[in-house]
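As a plain string of letters, each chain reads:
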There are 2 protein chains.
Amino acid sequence: MTTSTTPATAVQGLPGLMMDIPLTVHFILEHAIRNHPRREIVTRRYDGSSTRFTYAEFGARVAQLAHVLAELGIAPGERVASFAWNTQAHLELYYAVPCIGAVLHTTNIRLFPEQVAFVLEHADDRIIFVDDTLVPAMHKAIAAKPSLAEKIFVVMGNAPHEPLPNERSYEALLSGKPETYAWPTVDENAAAVMCHTSATTGDPKAVLFSHRSQVLHAFATAFADVFALRQRDAILPIVPMFHVNAWGLPYTAIMCGSKLVFPGPRMDPESLYTAMAEDSVTFSAGVPTVWLALRDYLKATGKSLPALDRIVIGGSACPPALFDDLQALGIEVIHAWGMTEMSPIGTVNYKKGELTNEPAAARRARRLKQGPFSALVQWKVLDDDDTPIAQDGIARGELWVRGFAVARQYYKNDEATAAAFKDGWFTTGDIVTVDAEGYMEIVDRSKDLIKSGGEWISSVELENTLMGHPLVREACVFGVKHAKWLERPVAAVVLRADAVGDEVAIRAWLGERVAKWWLPDRIVFLDAIPRTGVGKFLKRDLRERYADLLADA
Amino acid sequence: MTTSTTPATAVQGLPGLMMDIPLTVHFILEHAIRNHPRREIVTRRYDGSSTRFTYAEFGARVAQLAHVLAELGIAPGERVASFAWNTQAHLELYYAVPCIGAVLHTTNIRLFPEQVAFVLEHADDRIIFVDDTLVPAMHKAIAAKPSLAEKIFVVMGNAPHEPLPNERSYEALLSGKPETYAWPTVDENAAAVMCHTSATTGDPKAVLFSHRSQVLHAFATAFADVFALRQRDAILPIVPMFHVNAWGLPYTAIMCGSKLVFPGPRMDPESLYTAMAEDSVTFSAGVPTVWLALRDYLKATGKSLPALDRIVIGGSACPPALFDDLQALGIEVIHAWGMTEMSPIGTVNYKKGELTNEPAAARRARRLKQGPFSALVQWKVLDDDDTPIAQDGIARGELWVRGFAVARQYYKNDEATAAAFKDGWFTTGDIVTVDAEGYMEIVDRSKDLIKSGGEWISSVELENTLMGHPLVREACVFGVKHAKWLERPVAAVVLRADAVGDEVAIRAWLGERVAKWWLPDRIVFLDAIPRTGVGKFLKRDLRERYADLLADA
């Protein structure tokens, strides 16, 4: 392989005379423990207790873990899996594995057992680090694929559990190991982390992040107009560390010297509230579902989070009602968008200087968009004829991106690579508009768009409108085959606890807010909407379940 | 040359699968004009009028300039000099020259004519872009070195002037050129900008910044805990663009999409005030001297700058009295430190989370230090025995640094390179302390320390104390040969306008504030303190002028 990052045809010019220092995860680790040794990392455990370490102690444990990996014979380039919640031990893997030149494979704990087995086989992980509370899920994966029993399993935490094959204890392995390590110099283009996308169709696809892309992503997300992480922030990442690097926070937060508060396995609203309140968390990040639950908890209990300054919402579009409610609770909502293939940050919403005097309503509408593009990505939006769309906030097309932290292909999946990567661009599959000020808005996933009689209907817009109804907790809109219009929208709705709603009333309410031909042909009431491993609506399931709903329409 | 940034012995691991996109100045340009086309760039002209362009128009002019450079036959790697104030035309050079693969040589307009001639010869610039108001200074350089008359001179601006040899007009050259350019892909390790240090001893030494180092420097200075530049900021760089990239602002500000307000040649306090007030400047940066003058102007006129949120002070230590005065005027002062060899940012002062409850006096004392180290630099501080000092805020030693944006050698100067670069580190020549929280404080330049009877006396500390005296405007302390103590401190003092002071009174005042043996043996009163081209005290001159002052002591 070559370490060059410049095409062979590049202009060479006069060689610059700056130091040759690679952009590696090790740089972040060294900077953090050298400059912020007293900063804290807190992890809430399954039993409600917490661990509390300084960066200096964390650094010593990372070195111990590196010795463990070396002893277990992990070679540069080999894959090591994690199957874990957001914890300090998981963070230690985020550093020790890449810093010895190996690859951390963050495995999604919410996949079906067959999928867990698939991704572990696909990555060819030799060691699997498993949280104590997730051992039962790992047993199911092994049952689905008995050859997994040949792997080495290292269990993190001391909760009682049925032993795994070849099981080692994380703490026992670390115990007594030297607290420093002779770190190798790693090529900046070497892989650091592997993450499978949360597939809504087909097998999960793997993205292989390099050291360089991880560091550049950390740099660009520390910007004042992105996450604006400061050393004095206390950060609670709700977005899982198995979900595209927890949006980069394990690297960005440590590089910035911020205090980290990990929720561990307790992700219910009360546990999250307690973790945030006890450690004066100022910044958090997660998908809308979590914030919906936390909002309901705060409203129901009358509790507040005065230290919580701002939160990033991404993964799915933020429902406007949620945005308003959180702002009313004194929490600044930052809307963001990204994809696994983008490390993930693509856009983060901030207020542009040109819009200083924008009226409040227009400002709110703009803040609900996904935002201007980060310096990490170059972008274009193409219509069905591959022509760039007008940047007017109305015209829509598919978003294509490229950049320092964008994948150029999937790992060992030529078919998916050929489908998604074209002419040096990643074709996101997202249908978007971009307004004159550069604010991007996701209109839909291309496969989630509903085409009724040749005209597009946005499921996202219908969902957001429905979720503004006072009785509606969640809504998911999907396309169903229709004899006349080919496809028509159907809405699945989850009502708030104790609420009673009926289709006629909700349809009437909706009729005042959207075009008549956008009105869903049916509204079905569910107890819960099926979700992907990272909490996104699993529309495929609904489409299959209700495939014949409009058959006699 | 190789484009690799990784030593040959590096661990290669598994190749990452991210896009290969070089870190070049062109990336910043494209991002800015694509995402912030309506943002403004304002330049104040010599006659008090202003020009006002959008980023989109700026981008078109950069393309036109690239066509001009190509027409004039500038090849990749060739040097092109600027001799200019902070203006949009200068900014156009900052982009067009590196983006075609050539090297912009930002020449210090405050050097003596012989030094100007020296640096132009040393860089071997083929074209020299000169501000209209600086043509007389260029004539002097040509008089000092007649061979310079063979260069091509391009004059920017329309102020009347005596023609230079082979003179072209900047605007005439640009006029009618195409507004797009087929930019080449440039190697990220190729040189982008050359800058000579403002030498206080010997000939100026040249640092050759690469595209990669400029982009990484822009990334790291956009952090919330560094300059925290936001798109909605309006930035007035007072620090000159011929002085180590104006601390990177030409790249960082444009990457962040901020409004830029250039002061042009009018750097008096009233002109700076007017420029800041008329365009609601929120952020500025410059050396203490400028802020001293602006503070005096604001106090004398009773005017205020309500939009001005924060300023960065660097280049020399910020006198505590100036810090207090500016804070009292509602302007947040951010103390920073850097060097030409470091692109330049090394430290920027911010409040650490561990210090939330620090009492006000301790907080103020810490804010007056140069601050914690940026993620851009690795550092160590060595005492006379090359042993790392204790990190206690008391022990002092010489600061050594390395990093992504630190030079590895000077351009064509083996002697200076051998003296300053050791074992992969740049030896800064600064004597510093670092406290337990990582806040660095410059105690002195190693050559400015005064050694009295074997004990060190800090000239910086004496200067800061003197500048706290109500009658003292500026103070510069230097060492003078002494028969008994080998060296003793002497203070040169500039009083405030209309103030009357005498040596006895000031010595008595000082005696209450510093150790007795630190008291300067003499205080001499001057109308002005001699300065280097970038406004730093030129202690060498004072040492020479007063070399025999204590001869009969």
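Bear in mind the structure is a predicted one, so any value in this text is a computation, not a measurement.

Q: With reference to specific residues and values, describe the interface of chain A and chain B.
A: The interface of chain A with chain B comprises 86 residues on the first partner and 87 residues on the second. Both faces combined, the contact of chain A with chain B buries some 8000 Å², and carbon together with sulfur accounts for 57% of it. When the buried surface of chain A facing chain B is broken down by residue, Leu17(A), Met18(A) and Met19(A) rank first, second and third, together holding 11% of it. Counting the contacts that link chain A with chain B gives eight salt bridges. For the salt bridge of Asp225(B) with Arg230(A), the shortest nitrogen-to-oxygen distance reads 3.3 Å. The tally of links from chain A across to chain B stands at 45 residue pairs in polar contact (both at pLDDT 80 or more). Only helix H1 (25–35), strand S9 (206–210), helix H7 (211–221), strand S16 (377–382), strand S17 (397–403) and strand S19 (425–434) of chain A provide two or more residues apiece to the side of chain A that touches chain B. Partitioned by chemical class, the residues of the side of chain A that touches chain B number 43 nonpolar, 24 polar and 19 charged.

Q: Can you break down helix H5 (residues 135–144) of chain A residue by residue, with the values?
A: Residue and element names in this part refer to chain A. Along H5, the positions that sit buried rather than exposed are Val135, Met138, Ala141 and Ile142. With its buried residues spanning 110 degrees around the axis, H5 presents them on a single face. In H5, the exposed residues that point more than 90 degrees away from the buried face are Lys140 and Ala143. The elements touched by buried residues of H5 are strand S3 (79–83), helix H4 (113–123), strand S5 (127–131) and strand S6 (152–156).

Q: Would you mind going over the relation of the copies chain A and chain B in detail, with residue names and values included?
A: Mapping chain A onto chain B is achieved by rotating through 180 degrees and translating by 0.0 Å along the same axis, at an RMSD of 0.1 Å. Such a combination of turn and shift is consistent with a two-fold rotation axis. An overlap of 100% is found between the interface residues of chain A and their copies at the interface of chain B, pointing to a shared contact surface.

Q: Break down the packing of helix H4 (residues 113–123) of chain B against helix H5 (residues 135–144) of chain B for me, with residues and values.
A: Residue and element names in this part refer to chain B. Relative to each other, H4 and H5 sit at 75 degrees, their axes nearing to 8 Å. In terms of axis orientation, H4 runs roughly perpendicular to H5. Residues Pro113, Glu114, Val116, Ala117 and Leu120 of H4 form the contact with H5, whose own contacting residues are Met138, Lys140, Ala141 and Ala144. In terms of residue class, the contact of H4 with H5 is built from seven nonpolar, no polar and two charged.

Q: Kindly report on the nonpolar core, identifying the contributing residues and their values.
A: In terms of nonpolar packing, the biggest core is built from 260 residues, with Tyr95(A), Phe129(A), Met255(A), Tyr95(B), Phe129(B) and Met255(B) touching the most fellow members. Once residues lying within four places of it in the same chain are set aside, the contact partners of Phe129(A) are Leu65(A), Leu69(A), Val80(A), Ala81(A), Ser82(A), Phe83(A), Leu93(A), Val154(A), Met156(A) and Tyr170(A).

Q: Which residues make up helix H7 (residues 211–221) of chain B, and what are the values?
A: In terms of burial, H7(B) is a largely internal element, 11 of the 11 residues being buried. Of the positions making up H7(B), those classed as buried are His211(B), Arg212(B), Ser213(B), Gln214(B), Val215(B), Leu216(B), His217(B), Ala218(B), Phe219(B), Ala220(B) and Thr221(B).

Q: Please provide a residue-by-residue account of the side chain of Asn464(A), values included.
A: Residue and element names in this part refer to chain A. Looking at the secondary structure, you find Asn464 in helix H14 (residues 459–467). Given a relative accessible area of 18%, Asn464 falls into the buried group. Discounting chain neighbours no more than four positions away, the residues touching Asn464 are Ala317, Cys318, Pro319 and Pro320.

Conventions and cut-offs
- Residues numbered from 1 in each chain as written.
- Chains lettered and ligands numbered in written order.
- Predicted model: local features only at pLDDT ≥ 70, side-chain atom pairs only at ≥ 80, totals over all residues.
- Heavy atoms only, no water.
- Contact = heavy atoms within 4.5 Å.
- Buried area = accessible area lost by both parts, 1.4 Å probe.
- Salt bridge = Lys/Arg side-chain N within 4 Å of Asp/Glu carboxyl O.
- Polar contact = N/O pair within 3.5 Å; in protein donor to acceptor, adjacent residues only side chain to side chain.
- Helix = DSSP H or I, 4+ residues; strand = E, 2+ residues; numbered from the N terminus.
- Nonpolar A, V, L, I, M, F, W, Y, C, P; charged D, E, K, R; others polar.
- Buried < 20%, exposed > 50% of the residue type's maximum accessible area, 1.4 Å probe, protein only.
- Arc of directions from axis to C-beta.
- Least-squares fit on C-alpha atoms with pLDDT ≥ 70 in both.
- Axes fitted to C-alpha atoms, helices over the stretch in contact; angles between N-to-C directions.
- Parallel < 35°, antiparallel > 145°, perpendicular 65-115°, else oblique.
- Core = buried A, V, L, I, M, F, W, Y, C linked by side-chain atoms within 4.5 Å.

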